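Observations on chain architecture
One-letter residues, chain by chain:
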Amino acid sequence: MAAEVLHARRPGLVASSAMPTVESARREWEEGSRRFQEAARDPARADLLHRQLDVVTEELRRRVGATFTLAQLADAYDGAERWLLGAVEERAPARGWARTATLAADAAFYAYSRGALDYEP
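Below or above, wherever it landed, is the structure these notes cover.

Scoring rules and cut-offs
- Residues numbered from 1 in each chain as written.
- Predicted model: local features only at pLDDT ≥ 70, side-chain atom pairs only at ≥ 80, totals over all residues.
- Heavy atoms only, no water.
- Phe/Tyr/Trp six-rings, centres within 6.5 Å; stacked < 30°, edge-to-face > 60°.
- Helix = DSSP H or I, 4+ residues; strand = E, 2+ residues; numbered from the N terminus.
- Buried < 20%, exposed > 50% of the residue type's maximum accessible area, 1.4 Å probe, protein only.
- Core = buried A, V, L, I, M, F, W, Y, C linked by side-chain atoms within 4.5 Å.
- Contact = heavy atoms within 4.5 Å.
- Polar contact = N/O pair within 3.5 Å; in protein donor to acceptor, adjacent residues only side chain to side chain.
- Axes fitted to C-alpha atoms, helices over the stretch in contact; angles between N-to-C directions.
- Parallel < 35°, antiparallel > 145°, perpendicular 65-115°, else oblique.
- Left-handed = near helix turned anticlockwise from the far one by under 90°.
- Nonpolar A, V, L, I, M, F, W, Y, C, P; charged D, E, K, R; others polar.
- Salt bridge = Lys/Arg side-chain N within 4 Å of Asp/Glu carboxyl O.

**What to know about the packing of aromatic side chains**
Here the structure, examined in full by the defined rule, presents 4 aromatic pairs. Pairing Trp29 with Phe109 gives two aromatic rings, centres 5.7 Å apart and planes at 25°, and the pair type is stacked. With Trp29 in helix H3 (residues 22–40) and Phe109 in helix H7 (residues 97–113), the pair connects residues that are 80 residues apart, well separated along the chain. Both residues of the pair, Trp29 and Phe109, count as buried. Ring geometry for Phe68 and Tyr112: centres 5.0 Å apart, planes at 10°, overall stacked. Here Tyr112 lies in helix H7 and Phe68 lies in the loop between helix H4 (43–64) and helix H5 (70–78), a separation of 44 residues in the sequence. Classification of Tyr112 as buried rests on a relative accessible area of 12%. Members of the aromatic cluster, each reached through a chain of ring pairs, are Trp29, Tyr77 and Phe109.

**Comments concerning the nonpolar core**
A general tendency of soluble globular proteins is for nonpolar side chains to be buried together. By size, the foremost hydrophobic cluster in this structure holds 35 residues, and its most contacted members are Phe36, Val56, Leu60, Leu73 and Phe109. The biggest single contributor to this core is H7, with 10 residues. Filtering out sequence-adjacent residues up to four positions away, Val56 remains in contact with Trp83, Leu84, Val88, Ala105 and Ala108.

**Points about the side chain of Glu59**
Its location among the elements puts Glu59 in helix H4. A distance of 3.0 Å separates the side chain of Glu59 from the side chain of Arg62, its partner in a polar contact. Those residues in contact with Glu59 that lie beyond four places of it in its chain are Trp83, Ala87 and Arg91.

**Structural notes on the packing of H4 against helix H6 (residues 84–91)**
Two numbers describe how H4 lies on H6: the axes approach to 9 Å, and their chain directions differ by 130°. By the angle between their directions, the pair H4 and H6 is classed as oblique. The handedness of the crossing between H4 and H6 is right-handed. Taken together, the residues of H6 that come into contact with H4 (itself represented by Gln52, Val55, Val56, Glu58 and Glu59) are Leu84, Ala87, Val88 and Arg91. Each residue belonging to the contact of H4 with H6 can be placed in one class, and the counts come to 5 nonpolar, 1 polar and 3 charged.

**A word on the pattern of salt bridges**
Considering all chains together, one arrives at 7 salt bridges under this definition. Salt-bridge contacts for Arg34 lead to Glu38; the nearest nitrogen and oxygen are separated by 2.3 Å. A residue pair is termed a helical-turn pair when its members lie 3 or 4 positions apart in one helix, as Arg34 and Glu38 do in helix H3 at 4 residues. Taking relative accessible area as the criterion, Arg34 reaches 40% and is therefore assigned partly exposed. The class of Glu38 is partly exposed, set by a relative accessible area of 39%. Residue Arg91 pairs with Glu58 through a salt bridge whose shortest N-O separation is 2.7 Å. Separated by 33 residues along the polypeptide, Arg91 in helix H6 and Glu58 in helix H4 bring together distant segments of the chain. Taken together, the shared-partner salt bridges connect Glu58, Glu59, Arg62, Arg63 and Arg91 into one network.

This is how it looks when you write it as structure tokens:
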């Protein structure tokens, strides 16, 4: 069921084997980060969201490393459904965690993108 939530949110990325363009991925990350910030204003959700953000960021460090390009990060984003939900379920589960995991993922990718070798605002 959790994987279905992610698939429903990003049907174009999941259904297709084509890698998302860097620009489309960046737009998704930015929009997701904005929604994450809005959701995190709710004290009842903030702790869970930030724990999930930490889990995804830690996984990005492990999977992408410290030296990367935006294209490499977009490639990791395209394959994120394979590891994202399992990592969050294992380390930051809570009621309704699958719905908030996608917000945390986009926010993590958005923040992480700023460390890309070719990052430009």
